[in-house]
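# Architecture at a glance
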Amino acid sequence: MAAALALGVSACGSETESPGQSTAPPALDGVGPITLVTGKDTSGNLQNQLDGWNAAHPDQKVTLIELPEDADAQRQQMVQNAQTGSDTYTVLNLDVVWTAEFAANQWVTQLPESEFPLDKLLPATVETAKYFKRLYGIPVASDGGLLYYRKDLLDAAGVQPPTTWAELDAACAKIVPANPGLSCYAGQFEKYEGLTVNFSEAVNSAGGEVVGEDGKPVVNSENAKKGLDFLVEGVKSGRIPQKARTFKEEEGRRAFQAGELLFHRQWPYQYAEANATDGSSAVAGKFAVAPLPGLDGLGASTLGGHNYAISSFAKNKKTALDFIKHMVDEKQQRENLEKTSIAPTWASLYDEQALIEKFPYLTELKTSIEKAKKRPAVVKYQEVSSAIQEAAYSAMSGTTSSADALAKLQTRLEELTKG
């Protein structure tokens with residue numbers, strides 16, 4: 001029955017009861033060593049936090065299992081582990097769009113809401129951790145897309161941060177030719193989940209939608225075409241450099257830190273990395289952050305983030321529960337923000353003046369997260385995401401027009417969402 005719900009469910013908080021799943025969360029028993037499975041920790045701070053836990057809990061140590069940087073590869077390995085019923089993975093660091101999928105397939109266990117400070121967390125992040133109104137994950141990090149820009153170059157040219165795509169183009173036309181080796185704009189344009197995010201942001205920022213609130217595809221629209229055209233025409237004009245079509249998060253981060261980009265659409269984690277004073281960043285102290293621009297005004301970010309969940313097949317679930325409670329608390333989230341600039345889910349941290357002075361974008365980021373758009377809320381999410389990637393990539397590669405790409409995507413999404 002759960003398998004029939006399909007992979008990649010991203011709709012959360014449904015009013016309908018989920019077949020085959022108990023209303024009350026199961027007892028979480030077992031104390032002892034556990035593992036934390038996550039994508040590659042590029043900050044290095046996660047291991048520091050685990051070291052603190054391990055020192056205080058020598059009989060309940062947490063071993064870090066790092067998966068590849070690529071989000072799709074992370075999900076694949078987690079799915080494979082779950083399908084074999086292995087107890088190797090204990091706590092899973094799930095992308096927000098995976099949580100409901102894993103819950104639907106009963107690969108993660110329901111969590112007791114009373115054990116967590118849910119009222120202290122951003123409501124939008126808590127909703128990503130629910131499936132059929134039941135809690136299956138705890139949001140430990142959120143994400144909203146931001147526009148990183150070279151403040152030194154914009155200031156020297158007397159240019160303000162762009163609020164529209166036209167302003168972004170004008171800024172590039174004025175600044176890029178005078179700076180050899182500098183390109184205009186990049187995001188995450190490789191054919192993977194990041195492209196689904198960037199495509200969705202472009203469509204939403206032009207007033208379009210991929211899938212409506214009723215679950216029906218509406219991507220073959222004039223506004224959606226304007227969004228896709230922003231990406232397609234960017235490649236054609238050179239605003240988006242050709243090599244950016246191979247960028248995931250880390251490739252783009254490295255390019256921005258090397259001084260190769262004037263503008264970069266990226267998650268908050270890049271802020272600390274790009275401000276590193278150890279010589280690894282050529283733009284430390286030279287950049288700033290602004291909201292994403294859109295067609296006629298500020299754009300709409302895609303809601304990102306990660307939830308910690310407990311594998312249904314794991315041992316020592318009581319330790320896993322206590323560990324997640326430890327990692328979601330205010331102290332740990334504050335430390336993670338200060339050392340990595342990863343967006344917290346603890347709401348009050350966004351309003352602390354000392355943190356705002358250190359991370360000036362926090363107020364805007366909180367608004368971005370609260371107003372962010374979800375990725376398409378459909379049952380067969382992974383297949384829908386793959387279809388979006390194919391359409392966007394083919395159009396950006398010039399192998400098909402925006403109009404044809406969206407028409408084909410509409411047809412494919414109708415097939416995937418039928419019924």
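Right above here is the structure, for reference.
Everything numeric in this text was worked out from a predicted model, so none of it was measured.

Attention now goes to the overall build of the protein chain. Of the regular secondary structure elements, the protein chain holds 16 helices and eleven strands. For the protein chain, the C-alpha radius of gyration of 21 Å lies close to 22 Å, the compact-globule estimate for 419 residues. Principal axes of the C-alpha set define a box for the protein chain whose edges measure 65 × 50 × 30 Å. Here the contacts in the protein chain between residues at least 6 apart in sequence split such that 74% fall between residues at least 24 apart. Accessible area of the protein chain: about 16800 Å², with a carbon and sulfur share of 49%.

Our next topic: the nonpolar core. The biggest cluster of nonpolar side chains holds 127 residues, and the ones touching the most others in it are F199, F263 and F323. The biggest single contributor to this core is helix α15 (residues 381-397), with nine residues.

Here we come to unusual backbone geometry. Its identity is not glycine, yet N316 carries a phi of approximately 55°, on the positive side. The class of N316 is buried, set by a relative accessible area of 18%.

This part is about the sheet that holds strand β7 (residues 146-150). The sheet built from four strands is open, its strands ordered β8-β9-β7-β10 with mixed pairing. The open sheet is flanked by β8 (183-186) and β10 (287-290), the only strands paired with a single partner. The average angle at which neighbouring strand axes cross in this sheet is 15°, direction not considered. Alignment of β8 against strand β9 (residues 261-266), held across three bridges, turns out to be parallel. The residue bridging S183 from the neighbouring strand is L261, located in β9.

A word on the packing of aromatic side chains. Applying the stated criterion across every chain, the model contains 15 aromatic pairs. Taking 5.5 Å as the distance between ring centres and 80° as the angle between the ring planes, the aromatic pair formed by W53 and F323 counts as edge-to-face. Here W53 is found in helix α1 (residues 45-56), whereas its partner F323 is found in helix α11 (residues 317-328), with 270 residues between them in sequence. Comparing W53 with F323, the two get one shared label, buried. Centre to centre, the rings of Y131 and Y136 are 6.4 Å apart; their planes meet at 65°, and the pair counts as edge-to-face. Given the relative accessible area of 3%, Y131 is considered buried. An aromatic cluster is defined as three or more aromatic residues linked by ring pairs; in this entry it consists of Y148, F256, Y271, F287, F359 and Y361. One residue, K248, lies across the ring of Y192, its end atom 5.9 Å from the ring centre.

Okay, the layout of surface pockets next. Gaps left between atoms show up when a probe the size of a water molecule is rolled over them. Taken as a whole, the largest pocket encloses approximately 1100 Å³ of empty space. Surrounding the largest pocket, 44 residues form its lining, K40, D143, Y269, H306 and I342 being those nearest its centre. For the lining of the largest pocket, the element with the highest residue contribution is helix α12 (residues 330-340), accounting for five residues. The residue makeup of the lining of the largest pocket, split by class, is 14 nonpolar, 16 polar and 14 charged.

In this section: the packing of helix α7 (residues 193-205) against α15. Two elements in contact, α7 and α15, have axes separated by 8 Å at closest approach and are oriented at 75°. As far as their axial angle goes, α15 and α7 are roughly perpendicular. On the side of α7, the interface is formed by E193, L195, T196 and F199, while α15 contributes Y381, S385, I388, Q389, A392, Y393 and M396. Residue composition of the contact of α7 with α15, grouped by class: seven nonpolar, three polar and one charged.

On to the pattern of salt bridges, then. Pairing between side chains of opposite charge can happen when the charged atoms of each approach one another. Taken as a whole and assessed by the stated rule, the structure comprises 21 salt bridges. With a closest N to O distance of 2.7 Å, E352 and R334 form a salt bridge. Taken as a pair, E352 in the loop between α12 and α13 (353-358) and R334 in helix α12 lie far apart in primary sequence, 18 residues in all. Overall, E352 belongs to the partly exposed group, its relative accessible area being 24%. Overall, R334 belongs to the partly exposed group, its relative accessible area being 23%. Across the salt bridge formed by K366 and D351, the nearest N and O atoms sit 3.1 Å from each other. Taken together, the residues span a long stretch of sequence, with K366 in helix α14 (residues 362-371) and D351 in the loop between α12 and α13 at a distance of 15 residues.

Cut-off values and rules
- Residues numbered from 1 in each chain as written.
- Predicted model: local features only at pLDDT ≥ 70, side-chain atom pairs only at ≥ 80, totals over all residues.
- Heavy atoms only, no water.
- Helix = DSSP H or I, 4+ residues; strand = E, 2+ residues; numbered from the N terminus.
- Rg over C-alpha atoms; globule rule 2.2 N^0.38 Å.
- Contact = heavy atoms within 4.5 Å.
- Areas by Shrake-Rupley, 256 points an atom, 1.4 Å probe, with all protein chains shown as cover.
- Core = buried A, V, L, I, M, F, W, Y, C linked by side-chain atoms within 4.5 Å.
- Buried < 20%, exposed > 50% of the residue type's maximum accessible area, 1.4 Å probe, protein only.
- Pairing = 2+ DSSP bridges.
- Axes fitted to C-alpha atoms, helices over the stretch in contact; angles between N-to-C directions.
- Phe/Tyr/Trp six-rings, centres within 6.5 Å; stacked < 30°, edge-to-face > 60°.
- Lys NZ or Arg CZ within 6 Å of the ring centre and 35° of its normal.
- 1 Å grid on protein atoms, 1.4 Å probe; cavity = no way out; pocket = protein on both sides within 12 Å on 5 of 7 lines; lining within 4 Å.
- Points joined across faces, edges and corners; volume = space filled by probe spheres on them.
- Nonpolar A, V, L, I, M, F, W, Y, C, P; charged D, E, K, R; others polar.
- Parallel < 35°, antiparallel > 145°, perpendicular 65-115°, else oblique.
- Salt bridge = Lys/Arg side-chain N within 4 Å of Asp/Glu carboxyl O.

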